[in-house]
Amino acid sequence: MKNYREVVGIDVSKKTIDAYCYHAQVHQEFKNDIAGYKSLLKWVLKQTKESAVFYCFENTGYYSLKLALYFHSKKVVYVEESPLKIKRSSGIVKEKTDKLDAQVIAKYGWFYREELMPSTVKSSSHLELGRLLALRDQLVRNNAGLKGTLKEMKVLLTSSTTDLGCISLKRSIDYLSKQVKSIEIRIEEIIFDDVSMSKNYELLKSMKGIGLVVACQLIYHTGNFTRFKSWRAFSSYCGTAPFEHRSGTSIHRRKQCHYLGDRKMKSLLSMASVSAIQHDSELKLYYQKKLAEGKDKMLAINNVRNKLIARAFAVVKRGTPYVVLQNYAA
């Protein structure tokens, strides 16, 4: 992005977007819809006199997705960056307004322009996969809450089969279970409609501990294994990679995982690790070896998590299913 002469920082809200041109030092507010995006491009063209411009805005979920899709359709160069990354780079900011936020984003885009890379929109199937996975997770959590409530009510009642509250809860639980099942069917359809995703899905399923949800989440978060260069980079993204903490001669702590990371992916990998330890003889021995070395259980499980990530990237890169070597040992 170093060849660009101007950057437009955009603060995206639910109904409006605030744009700020870094060098021109002008600000304007637009509606967060197609008409507003058209007005934004016309305004920027007027302010920058057709100079090379790129746009920078924060990833705010559905609010920024509409803007990204429009820029992608118009072949406009843009950078969609992490809000935390922009916030940490802005220093101490005591005031907060939409105009000031747009100015901070524009400043970030200009100062880091040589390091930034243009963003792209995921395919429609990839976006739908992400939406369905998030919806499934929400329904599963809601269903778990209803099951807990039903269990507590049964303890208090002498006849739960005739109680209206219990009957309603059972119906809701059954309904949500059917919805989860239908979402899983649609997720599998999306996976198998894409040749590349289908192949990687089958490769991931060849590993012990990796089921439908974990395999699909791995495919989604890694961009079908195109987003990260190595398994170590993805491990850092998930928050399972240990980092050193040392300063001078007095501060020398053991390596720890950073608290910043994808908590959902980390949680899924934890459950996959527990399952793999139970059903994979190699990982079971590996886990027991770490415990014998004096490591606590959570640290040993984290080692298994990284093993699973490394295996996932290896089978996809190799293009062959995972094979348990102990089955062929002499």
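Residues numbered from 1 in each chain as written. Predicted model: local features only at pLDDT ≥ 70, side-chain atom pairs only at ≥ 80, totals over all residues. Heavy atoms only, no water.

(A) Just the overall build of the chain, in detail. Of regular secondary structure, the chain possesses 12 helices and seven strands. Projected onto its principal axes, the C-alpha coordinates of the chain cover approximately 70 × 65 × 50 Å. Burial status across the chain gives 38% buried among its 330 residues. Contacts in the chain between residues far apart in sequence, at least 24 positions, make up 58% of those at least 6 positions apart. Taken as a whole, the chain presents about 19,900 Å² of accessible surface, with 53% of it coming from carbon and sulfur. Computed over 55 positive and 31 negative side-chain charges, the separation of the two mean positions in the chain equals 4 Å. (Helix = DSSP H or I, 4+ residues; strand = E, 2+ residues; numbered from the N terminus. Buried < 20%, exposed > 50% of the residue type's maximum accessible area, 1.4 Å probe, protein only. Contact = heavy atoms within 4.5 Å. Areas by Shrake-Rupley, 256 points an atom, 1.4 Å probe, with all protein chains shown as cover. Lys, Arg positive; Asp, Glu negative; His and termini not counted. Charge placed at Lys NZ, Arg CZ, Asp CG, Glu CD.)

(B) How the structure looks around the packing of aromatic side chains. Scanning all chains against the criterion turns up 16 aromatic pairs. Pairing phenylalanine 228 with tyrosine 237 gives two aromatic rings, centres 5.2 Å apart and planes at 50°, and the pair type is tilted. Looking at phenylalanine 228, the relative accessible area reads 16%, which means it is buried. Taken together, the ring pairs connect Phe225, Phe228, Phe234, Tyr237 and Phe313 into an aromatic cluster. Arginine 113 extends its terminal NZ or CZ atom over the ring of tryptophan 110, reaching a point 3.8 Å from the ring centre. The ring of tyrosine 286 carries lysine 307 above its face, with NZ or CZ at 4.9 Å from the centroid. (Phe/Tyr/Trp six-rings, centres within 6.5 Å; stacked < 30°, edge-to-face > 60°. Lys NZ or Arg CZ within 6 Å of the ring centre and 35° of its normal.)

(C) Inspection of helix α1 (residues 34–48) at higher detail. Over its 15 residues, α1 runs 21 Å from end to end, which matches the ideal 21 Å to within 8%, given 1.5 Å per residue. Taken together, the buried positions of α1 are Gly36, Tyr37, Leu40, Trp43, Val44 and Thr48. The arc that holds every buried residue of α1, seen down its axis, measures 125°, which confines them to one face. α1 presents Lys42 and Lys46 as exposed residues on the side facing more than 90 degrees away from its buried surface. Lysine 49 lies just past α1 and shows a positive phi near 55°. (Expected span 1.5 Å × (residues − 1). Arc of directions from axis to C-beta.)

(D) The arrangement of the pattern of salt bridges in detail. Across all of its chains, the model carries nine salt bridges by this definition. For aspartate 137, the salt bridge goes to arginine 141, with nearest N and O atoms at 3.2 Å. Separated by four residues within a single helix, aspartate 137 and arginine 141 lie in helix α5 (residues 124–156), roughly one turn from each other. One salt bridge connects aspartate 137 with lysine 264, and the closest N-O pair in it is separated by 2.7 Å. Here aspartate 137 is found in helix α5, whereas its partner lysine 264 is found in helix α10 (residues 263–279), with 127 residues between them in sequence. (Salt bridge = Lys/Arg side-chain N within 4 Å of Asp/Glu carboxyl O.)

(E) Inspection of the packing of helix α7 (residues 195–205) against helix α8 (residues 212–221) at higher detail. The geometry of α7 relative to α8 is characterised by a closest axis approach of 10 Å and an angle of 130° between their N-to-C directions. As the angle between them shows, α7 and α8 are arranged oblique. Considering the relative orientation of α7 and α8, their crossing is right-handed. Contact residues: α7 offers Met197, Asn200, Tyr201, Leu204 and Lys205, while α8 offers Leu212, Ala215, Cys216, Leu218 and Ile219. (Axes fitted to C-alpha atoms, helices over the stretch in contact; angles between N-to-C directions. Parallel < 35°, antiparallel > 145°, perpendicular 65-115°, else oblique. Left-handed = near helix turned anticlockwise from the far one by under 90°.)

(F) Spotlight on unusual backbone geometry. Its identity as a non-glycine residue notwithstanding, asparagine 224 has a phi of 60°, on the positive side. Here asparagine 224 is to be found in the loop between α8 and α9 (231–238).

(G) Focus on a nonpolar patch on the surface. Side chains of Leu84, Tyr259 and Leu260 sit close together on the surface and give an oily, nonpolar patch of about 280 Å² of accessible area. With respect to the helices and strands, leucine 84 occurs in helix α3 (residues 83–89). Classification of leucine 84 by relative accessible area gives partly exposed; the value is 35%. (Patch = residues over 30% accessible without salt bridge, like charges linked within 9 Å, V, L, I, M, F, W, Y side chains within 5 Å.)

(H) Molecular detail of the domain arrangement of the chain. Along its sequence, the chain is organised into domain 1 (6–112), domain 2 (123–193) and domain 3 (195–329). Computed over C-alpha atoms only, the centres of domain 2 and domain 3 are separated by 28 Å. On the side of domain 3, 14 residues touch domain 2, which itself brings 14 residues to the contact. By the criterion of area lost to domain 3, the three top residues of domain 2 are His126, Leu133 and Ile191, representing 45% of everything that side buries. Put simply, domain 2 and domain 3 have one salt bridge between them. At the boundary of domain 2 with domain 3, the tally comes to three residue pairs in polar contact (both at pLDDT 80 or more). Where the side of domain 2 that touches domain 3 is concerned, the elements lending two or more residues are α5 and α6 (164–193). Residues of the side of domain 2 that touches domain 3, tallied by class, amount to six nonpolar, three polar and five charged. (Domains from an automatic or database assignment. Buried area = accessible area lost by both parts, 1.4 Å probe. Polar contact = N/O pair within 3.5 Å; in protein donor to acceptor, adjacent residues only side chain to side chain. Nonpolar A, V, L, I, M, F, W, Y, C, P; charged D, E, K, R; others polar.)

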